[in-house]
Amino acid sequence: MSKKNTKIAYTDLGLKNYQDAFDIQSNLFEHIKQIKINNKYAEIPKTTPNYFLFTEHPNVYTLGKSGKEEHLLINESERREKQVQFIKTNRGGDITYHGPGQIVGYPIIDLDNFDLEILSYMRGLEEVIIKVLSKYHIKGERSKGETGVWLDVGTSKARKICAMGVKTSRWVTMHGFALNVDVDLQYFKHIIPCGIRNKGVTSMQKELGFTPDKQVLKNEIIAAFSEVFQAGFQVIDVNSIS
């Protein structure tokens, strides 16, 4: 057995095209997986690394592997007019929107390092965002059977503020969460977000009446992630992984 590593190297990619960020994620994901495969035959197993990427994407709709394309409500011509891409990806979940004004977080971690199963990891991700929102007196909640973080669950005003979707293989994760800070919510009107009908989408700016400082929010996310998953974080240079 290799020694468990609860340290996470993280960086901020800034504004990054979805496909470019996906390629970076995939390389890190496959790197960790390959170490785990090699460890099966190694006399002295290597410790697996963990990574966390912050980013923000230009306008894009992404469809998860179990999603339905009919949940995208505009055609290619309309997408060109609105300058929004459409990409099929390998995460779980249905369709969602990414765009400027979101904080997107991609933890690429070995769950074995943290003694986690997939469900406990997902509930932990939700807890991270719930803790951060509470600092702004926003009551984030879980909605049974619907991944992510919601407001006013169980009422006619139920609305999502943070979408989540992940992929795992050999207990290694990729993809993650998208927290709506001051994103243009009009883009959500052209999809059925996460395949869930008759429920709204919101942002921190809409709920608060002002836009929180995004760097402060990122620091709060890292602090909450450290607390929930008992992890340590170390900043790395973006050029060392891209």
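Visitor: Looking at this structure, how should I read the side chain of Asn-113?
Guide: Tracing the backbone shows Asn-113 in the loop between β6 (102-108) and α3 (118-134). For Asn-113, a relative accessible area of 5% translates into the label buried. Not counting the four nearest positions on each side in its chain, Asn-113 is found in contact with Lys-3, Lys-4, Asn-5, Thr-6, Thr-48 and Asn-50.

Visitor: Honestly, the environment of Trp-150 in this entry has me stumped. Any pointers?
Guide: For Trp-150, the position within the fold is in strand β8 (residues 146-151). Along the primary structure Trp-150 and Cys-162 are separated by 12 residues, whereas in three dimensions their C-alpha atoms are 7.1 Å apart. A distance of 3.4 Å separates the side chain of Trp-150 from the backbone oxygen of Glu-146, its partner in a polar contact.

Visitor: I would appreciate a short explanation of helix α5 (residues 214-229) in the present structure.
Guide: Working note: α-helix, 3.6 residues per turn, so residues spaced by three or four point in the same direction. The terminal C-alpha atoms of α5 lie 22 Å apart, and with 16 residues this matches the ideal 22 Å at 1.5 Å per residue to within 8%. Those residues of α5 that fall on the buried side of the exposure criterion are Leu-217, Lys-218, Glu-220, Ile-221, Ile-222, Ala-224, Phe-225 and Phe-229. Sitting at the amino-terminal end of α5 is Asp-213, which places a side-chain oxygen 2.9 Å from the backbone nitrogen of Gln-215. Backbone geometry just after α5 places Gln-230 at a positive phi near 55°.

Visitor: Quick question: what am I supposed to make of the packing of α3 against α5 here?
Guide: Each pair of packed helices gets described by two things: the angle between the helix axes and the distance between those axes. Relative to each other, α3 and α5 sit at 135°, their axes nearing to 9 Å. Considering the angle they form, α3 stands oblique to α5. Crossing hand, α3 versus α5: right-handed. When α3 is examined against α5, the residues Tyr-121, Gly-124, Leu-125, Glu-127, Val-128, Lys-131 and Val-132 are found in contact with a partner set consisting of Leu-217, Glu-220, Ile-221, Ala-224, Phe-225, Glu-227, Val-228 and Phe-229. When the residues that make up the contact of α3 with α5 are grouped by side-chain class, the tally is 10 nonpolar, 1 polar and 4 charged.

Visitor: Would you mind going over the pairing of strand β4 (residues 85-88) with me for this structure?
Guide: Across 4 bridges, the pairing between strand β3 (residues 60-63) and β4 is parallel. The partner of Thr-62 across the bridge, within β4, is Ile-87. Considered for its hand, the β-α-β crossover made up of β3, helix α2 (residues 76-82) and β4 is right-handed.

Visitor: Help me understand the packing of aromatic side chains, please; the structure alone is not making it clear to me.
Guide: Within a pair of aromatic rings, the relevant descriptors are the distance that separates the centres and the angle that separates the planes. On inspection of all chains with the given rule, the structure shows 11 aromatic pairs. A centroid spacing of 5.5 Å and a plane angle of 80° characterise the contact between Tyr-10 and Phe-233, whose relative ring orientation is edge-to-face. Of this pair, Tyr-10 sits in strand β1 (residues 7-15) while Phe-233 sits in strand β12 (residues 232-235), placing them 223 residues apart in sequence. Relative accessible area serves as the criterion here: at 17%, Tyr-10 is assigned to the buried category. Relative to Phe-54, the ring of Phe-52 has its centre 4.9 Å away and its plane inclined at 70°; by these criteria the two rings are edge-to-face. Each member of the pair, Phe-52 as well as Phe-54, carries the same accessibility label: buried.

Visitor: How should the nonpolar core be read in this particular structure?
Guide: The tendency in soluble globular proteins is for nonpolar side chains to be buried side by side. Formed by 36 residues in total, the largest nonpolar core has its most connected members in Phe-52, Tyr-121, Ile-129, Leu-179 and Ile-221. Where this core is concerned, the elements lending two or more residues are β1, β2 (51-56), α3, β8, β9 (159-169), β10 (172-180) and α5. At 8 residues, α3 tops the list of elements feeding residues into this core. Aside from chain neighbours lying at most four places away, what touches Ile-221 is Phe-52, Phe-54, Ile-103, Val-128, Val-132, Phe-177 and Leu-179. Among the nonpolar cores identified, the runner-up in size contains 20 residues, and Tyr-18, Val-104, Ile-108 and Ile-241 belong to it.

Visitor: Which parts of the structure should I look at to understand the pattern of salt bridges?
Guide: When charged atoms on two side chains of opposite charge get close, those side chains can pair. Considering all chains together, one arrives at 14 salt bridges under this definition. For Arg-159, the salt bridge goes to Asp-152, with nearest N and O atoms at 2.7 Å. For Asp-152, a relative accessible area of 32% puts it in the partly exposed group. Measuring nitrogen to oxygen at the nearest pair gives 2.9 Å for the salt bridge that ties Arg-159 to Glu-207. On the criterion of sequence distance, the pair formed by Arg-159 in strand β9 and Glu-207 in helix α4 (residues 204-208) is long-range, its members being 48 residues apart. The buried category is assigned to Arg-159, whose relative accessible area is 18%. Within the structure, one salt-bridge network assembled from shared partners comprises Arg-123, Glu-126, Glu-127 and Arg-142.

Conventions adopted
Residues numbered from 1 in each chain as written. Predicted model: local features only at pLDDT ≥ 70, side-chain atom pairs only at ≥ 80, totals over all residues. Heavy atoms only, no water. Helix = DSSP H or I, 4+ residues; strand = E, 2+ residues; numbered from the N terminus. Buried < 20%, exposed > 50% of the residue type's maximum accessible area, 1.4 Å probe, protein only. Contact = heavy atoms within 4.5 Å. Polar contact = N/O pair within 3.5 Å; in protein donor to acceptor, adjacent residues only side chain to side chain. Expected span 1.5 Å × (residues − 1). Axes fitted to C-alpha atoms, helices over the stretch in contact; angles between N-to-C directions. Parallel < 35°, antiparallel > 145°, perpendicular 65-115°, else oblique. Left-handed = near helix turned anticlockwise from the far one by under 90°. Nonpolar A, V, L, I, M, F, W, Y, C, P; charged D, E, K, R; others polar. Pairing = 2+ DSSP bridges. Right-handed = clockwise from strand over helix to strand, strands pointing away. Phe/Tyr/Trp six-rings, centres within 6.5 Å; stacked < 30°, edge-to-face > 60°. Core = buried A, V, L, I, M, F, W, Y, C linked by side-chain atoms within 4.5 Å. Salt bridge = Lys/Arg side-chain N within 4 Å of Asp/Glu carboxyl O.

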